[in-house]
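Here is how the chains run, residue by residue.
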Amino acid sequence: MPGPRTAEPDGKKRGGLRGAGRPSFVWSLPAVIFFAFFSLVPLAVAVYLSFTDYEGLAIQPPVWNGLTNWKAVLTDPSVGQAIFVTVVLIVLAVVTQVPLSLLIGVWAAGPQRGRAVVVALYFIPLLMSSAAITVLFSSLVDPNFGVPATLRQIFDLPVDNVFSNLLGNQWSAIGVVAFIYLWGASPLHTLIYQGGARAIPEVLYQAAAIDGAGRFRQFFNITLPQLKNTFVTSTILMVVGTFTSFDIILLLTSGGPNQGTTNLPYLMYNKGLSALNYGYGSAIAVIVIVLAMAVSLVMVRVTGYDKMQGTQEGV
Amino acid sequence: MRPRANWLAGVFAGAWLLIILVPVLVMLHAAFASKKAWAASGPLGLPTDFTFDNFVASFQGGFGLFLLNSGIVTVGTVVFIALLVPPLAFAIVRSRSRWIRIAFQIMLVGLAVPAQVVVIPLNFLITQVGLYDSLLGVILPTAAFSIPITTLILTGSMREIGSDMYEAMALDGAGSIRTFWRLVLPLSKGGIATIVVYSALQAWNSYLIPLTLTRSADVRVATLGLGIFHQEYSLNVPGLMSAIVLTIVPILAIYIFARRALIRGLMGVGGK
């Protein structure tokens, strides 16, 4: 880590030892310009398109239509429904993924034998794309050729039982979507918690053991408080991820039954690109982007990504 | 060392392991089963035969080209990341310019905006620049959206280089280019491996960008091929599962050869 630093004007001293070998800002330009073009410009384009009427045809450029899309979005009942589904999915993701990843992550950070093999197996979902995971589960829950059909045979269930049409009912379909999120995303969060748990100084546990604290007290008084930052980071990633993704919904249910699994980003995709109403879809996109940024800003503040900047840059 | 094994957590971990493994085993079972044997055994039965026919059929159905397209997108993305991100990370860690602060803040904003929420304006933009329905049109935004996270990972790794080493380089009279080439690059090999693997994984597995920026079969990537296979032949479960397995095999190879970089990359998502 750096020693004490003498005060000197930023970037002015070219000849001195401390300024020597330091890159100028030009080094950052290629990446920043490239990034800005493909990711900041689209943000501006989304705002612009949200005030236009455009059907995605090159021969008919966007036509300014003022607040029409915004009025439509704010009065559309399917937007309210989509927000409801989005919130339900986020809540389900957090209440299922946090406890699971926390417990398994802490367990995986411990000294058990054979743990490395088990942890390697936990990883499998991380190697699969969400498209692959969704197609796999879609096939597994198929009423005629998947697990429900086999269960019907084994247990001699009636043709129309709870499992027979998991994707045909809003709540069971939401349950399947939430389970796929859990299956696909929890290994990542397990890994994050494992890393966090490994970083807890062993001496804390030794001190607690000397004081006679048992496993549960150690867990609640040392492990949990020490994992606070890990928890915040992992949860925000979970929330932003669940909030903005729709590939699973698109492949599994196409938002159905009867819009029962349509979350906000899927509504954006469906109205914007499938129904070719770019302006309307862009208005929803702007809402999603603003909310995602707000959540991420909280993440940056809480985890101290931005503080890193102040304390270590230019040292 | 903590004294006893944690049985409660162990049982819980074992139960979850089963939930992870069963779908994977069902997938492998189906991928290597003939259609007839699969129809007889169903997803929960035991395998009765072993065949590569499904894989052959997948390749005959054009999956080889889809895998090749995914490979091109992946390599293209990695090239952009490997060329653009190390100089940026070097500048963020070492530059005194206040523009760098702004560049870093821009990156942080970028973290908040996943590619999937800007598919509509991206579609508009890529169409305007004439890259719609081309692999380059998929590569450029995929790489761009990997820049913020890979930059954060690499700056973390470059910060580990001690300031005495920079001073030694400076005493030798090295300028920024030589410092970068002789000191920073060799010492951040691990970090660079991590961002390469991370961006490769992102590119290989991405679905929504290619879905919204391509249309023709000749530029179709493997994830899109899976989706279409699923819609058109959902009754052919063994064929479908073999296609899924094909999309995983390259990642599995990376996992085996670059496990450490992959894990660090994935943990890098968690920030630390």
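Scoring rules and cut-offs
Residues numbered from 1 in each chain as written. Chains lettered and ligands numbered in written order. Predicted model: local features only at pLDDT ≥ 70, side-chain atom pairs only at ≥ 80, totals over all residues. Helix = DSSP H or I, 4+ residues; strand = E, 2+ residues; numbered from the N terminus. Buried ≥ 20, exposed ≤ 12 C-beta atoms within 10 Å, placed from the backbone. Contact = placed C-beta atoms within 7 Å. Expected span 1.5 Å × (residues − 1). Axes fitted to C-alpha atoms, helices over the stretch in contact; angles between N-to-C directions. Parallel < 35°, antiparallel > 145°, perpendicular 65-115°, else oblique. Left-handed = near helix turned anticlockwise from the far one by under 90°. Nonpolar A, V, L, I, M, F, W, Y, C, P; charged D, E, K, R; others polar. Domains from an automatic or database assignment.

Student: Let's hear about the overall build of chain A: which residues, and what values?
Tutor: Along the backbone of chain A there are 15 helices and 2 strands. Buried residues in chain A amount to 40% of all 315 residues. Contacts in chain A between residues at least 24 apart in sequence constitute 67% of all its contacts with a sequence separation of at least 6.

Student: Got a sec to walk through helix H11 (residues 228-244) of chain A? Specific residues and values, please.
Tutor: Its 17 residues place the ends of H11(A) 24 Å apart at the C-alpha level, agreeing with the 24 Å of an ideal helix rising 1.5 Å per residue. All of the buried residues in H11(A) are Thr230(A), Thr233(A), Ser234(A), Leu237(A), Met238(A), Val240(A), Gly241(A), Thr242(A), Phe243(A) and Thr244(A).

Student: How would you explain the packing of helix H3 (residues 53-94) of chain B against helix H6 (residues 135-158) of chain B if you had to name every residue and give the values?
Tutor: Residues and elements named next belong to chain B. Packing of H3 against H6 leaves a shortest axis separation of 7 Å and a crossing angle of 40°. By the angle class used here, H3 and H6 are oblique. Crossing handedness for the pair H3 and H6: right-handed. Grouping the amino acids of the contact of H3 with H6 by side-chain chemistry returns 19 nonpolar, 8 polar and no charged.

Student: Would you mind going over the interface of chain B and chain A in detail, with residue names and values included?
Tutor: Across the contact, 96 residues belong to chain B and 95 residues belong to chain A. Ranked by residue count, the leading element in the side of chain B that touches chain A is helix H1 (residues 7-31) of chain B, at 12 residues. For the side of chain B that touches chain A, the per-class residue count stands at 67 nonpolar, 21 polar and 8 charged.

Student: Please set out the domain arrangement of chain B residue by residue, giving values where relevant.
Tutor: All names here are of chain B. In terms of domain boundaries, chain B breaks down into domain 1 (1-51) and domain 2 (61-268). Just the C-alpha atoms count here: the centres of domain 1 and domain 2 sit 32 Å apart. In this complex, domain 1 contributes 7 residues to the contact, which on the side of domain 2 involves 7 residues. Elements that contribute at least two residues to the side of domain 1 that touches domain 2 include exactly H1 and helix H2 (35-41). For the side of domain 1 that touches domain 2, the element with the most residues is H1, which contributes 4 residues. Residues belonging to the side of domain 1 that touches domain 2 are distributed by class as follows: 6 nonpolar, no polar and 1 charged.

Student: Residue-level account of the environment of Ser172(A), with values.
Tutor: Tracing the backbone shows Ser172(A) in helix H8 (residues 170-198). Residue class for Ser172(A) comes out partly exposed when judged on the 17 C-beta atoms lying within 10 Å of it.

Student: Can you tell me about the packing of helix H13 (residues 264-274) of chain A against helix H5 (residues 119-128) of chain B, naming the residues and giving the values?
Tutor: Here H13(A) crosses H5(B) at 30°, and the two axes come no closer than 9 Å. When the axes of H13(A) and H5(B) are compared, the pair comes out roughly parallel. Listed contacts from H5(B) to Met268(A), Tyr269(A), Gly272(A) and Leu273(A) of H13(A) are Val119(B), Ile120(B) and Asn123(B).

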